[in-house]
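Commentary on secondary and tertiary structure
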Amino acid sequence: MQKLEQIYEGKAKRVYRTDDESLLIVDYKDDATAFNGQKKGTIRGKGVINNQMSNRLMQRLEREGIPTHYVRELSERETLVRRVEIVPLEVIVRNIAAGSFSKRYGVEEGRPFETPTVEFSYKNDDLGDPLIDATHIPVLGLATAEEIGQIRAYALRIDELLRAFWAECGVTLVDFKMEFGKLADGSIVLADEISPDTCRLWDSSTGEKLDKDRFRRDLGGIEEAYAEIMRRLEEHL
């Protein structure tokens, strides 16, 4: 597999073309951002952890029937993935009130939900990735009603699987963000990453935050938290 020119660089990853038009190489960076890029920094070793954690969790989800873009890990920072057309939506599943949900609705952080909630956010940096009603998504041509239904079903199943796995690790999955993409045949697959950048992960006993909130909120111990969550994952895979 030959790595060719870079075709995209985002806040946390670079993407390269390969000599196979159906495959891409994703290279994870240590750069960290928050609040739609207003806060920037570096979390040493983050790219390695996010790459390897995403790959292991996607392989686990694949075994449970969730299709993903993952093909194989190439190095500690690089992974071969299937080329997809990203659906321009962030899909957020929430199990416990935290972050923007608590701020938006004045709900105390840490309040558990009776059932998980699913939110959609329009991936548009110029607009600040606003929340979007599911009925507006097909109106804007972002996805069809059928695709939205498939994405919602996948999101809830992924939440069920990941909550159970993290519970084995002594970790509570508070909420997390996902992105989905379409393959050439139009089928929907999980894309992007599953990592402490995209998940809120709290120690089940102490409530200690083991995710990017440590960076967002200047809590310190960021690298240590990422290393700890990776250690627990590896112990239970």
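Just so you know, these numbers come straight off a predicted model, no measurement behind them.

Rules of the game
- Residues numbered from 1 in each chain as written.
- Predicted model: local features only at pLDDT ≥ 70, side-chain atom pairs only at ≥ 80, totals over all residues.
- Heavy atoms only, no water.
- Helix = DSSP H or I, 4+ residues; strand = E, 2+ residues; numbered from the N terminus.
- Rg over C-alpha atoms; globule rule 2.2 N^0.38 Å.
- Buried < 20%, exposed > 50% of the residue type's maximum accessible area, 1.4 Å probe, protein only.
- Contact = heavy atoms within 4.5 Å.
- Areas by Shrake-Rupley, 256 points an atom, 1.4 Å probe, with all protein chains shown as cover.
- Lys, Arg positive; Asp, Glu negative; His and termini not counted.
- Charge placed at Lys NZ, Arg CZ, Asp CG, Glu CD.
- Expected span 1.5 Å × (residues − 1).
- Pairing = 2+ DSSP bridges.
- Axes fitted to C-alpha atoms, helices over the stretch in contact; angles between N-to-C directions.
- Phe/Tyr/Trp six-rings, centres within 6.5 Å; stacked < 30°, edge-to-face > 60°.
- Parallel < 35°, antiparallel > 145°, perpendicular 65-115°, else oblique.
- Nonpolar A, V, L, I, M, F, W, Y, C, P; charged D, E, K, R; others polar.
- Salt bridge = Lys/Arg side-chain N within 4 Å of Asp/Glu carboxyl O.

In terms of regular secondary structure, the protein is built from 6 helices and 13 strands. Expected size for 237 residues packed as a compact globule is a radius of gyration near 18 Å; at 17 Å, the protein falls within 12% of this value. Overall, the C-alpha framework of the protein stretches about 50 × 40 × 35 Å when taken along its three principal axes. The buried share among the 237 residues of the protein stands at 51%. Sequence separation of 24 or more characterises 56% of the internal contacts of the protein that already satisfy a separation of 6 or more. Put simply, the protein shows about 11,400 Å² of open surface, and 47% of that area lies on carbon and sulfur atoms. Counting 35 positive and 44 negative side-chain charges, the protein places the averaged centre of each group 2 Å from the other.

Attention now moves to helix H1 (residues 46-63). Between its first and last C-alpha, H1 extends 26 Å over 18 residues, near the 26 Å set by a 1.5 Å rise per residue. The buried fraction of H1 is high, at 13 of 18 residues. Of the residues one or two after H1, Gly65 is the one with positive phi, at around 95 degrees.

Assignment of secondary structure puts His69 in the loop between H1 and strand S6 (70-73). Among residues more than four places away in sequence, those in contact with His69 are Met58, Leu80, Val81, Arg82, Val84, Val189, Leu190, Ala191 and Asp192.

Attention now goes to the sheet that holds strand S2 (residues 13-18). Taking strand neighbours across the sheet as the criterion, the 5 strands line up as S1-S2-S3-S7-S6 in an open arrangement whose pairing is antiparallel. Only two strands of the sheet have a single partner each, and these edge strands are strand S1 (3-9) and S6. Strand-to-strand, the axes of this sheet are offset by a mean angle of 30 degrees, without reference to chain direction. The strands that H1 touches are strand S3 (23-28), S6 and strand S7 (78-82); relative to S6, the one it contacts most, it runs at about 130 degrees.

Here we come to the packing of aromatic side chains. Within this structure, the stated rule accounts for 4 aromatic pairs. The interplanar angle of 65 degrees and the centroid separation of 4.9 Å between the aromatic rings of Phe101 and Tyr105 together place this pair among those described as edge-to-face. Note that Phe101 and Tyr105 are positioned in helix H2 (residues 99-105) at a spacing of 4 residues, about one turn of the helix. Phe101 sits in the buried class, given a relative accessible area of 14%. Geometrically, the ring pair formed by Phe101 and Phe113 is tilted, given 5.0 Å between the ring centres and 55 degrees between the ring planes. Taken as a pair, Phe101 in helix H2 and Phe113 in strand S10 (residues 112-122) lie far apart in primary sequence, 12 residues in all. Comparing Phe101 with Phe113, the two get one shared label, buried.

Moving on to the packing of helix H4 (residues 145-168) against helix H6 (residues 222-236). Put simply, H4 and H6 touch, their axes get as near as 9 Å, and they point 95 degrees apart. For the element pair H4 / H6, the angle class is roughly perpendicular. Residues Phe165, Trp166 and Glu168 of H4 form the contact with H6, whose participating residues are Ile229, Leu233 and His236. For the contact of H4 with H6, the residue count by class is 4 nonpolar, 1 polar and 1 charged.

A word on the pattern of salt bridges. Note on pairing: side chains with opposite charge can pair once their charged atoms come close. Considering all chains together, one arrives at 35 salt bridges under this definition. Among the ionic pairs, Arg157 bridges to Glu64, the shortest N-O distance being 3.8 Å. With Arg157 in helix H4 and Glu64 in the loop between H1 and S6, the pair connects residues that are 93 residues apart, well separated along the chain. A salt bridge links Arg163 to Asp159, with the nearest nitrogen and oxygen atoms 3.0 Å apart. Of this pair, Arg163 and Asp159 both sit in helix H4, 4 residues apart, which is roughly one turn of the helix. What makes Arg163 partly exposed here is its relative accessible area of 35%. Judged by its relative accessible area of 0%, Asp159 falls in the buried class. In the salt-bridge network here, residues are joined through shared partners; they are Arg94, Arg104, Glu109, Glu119, Asp175, Arg200, Lys209, Asp213, Arg216 and Arg217.

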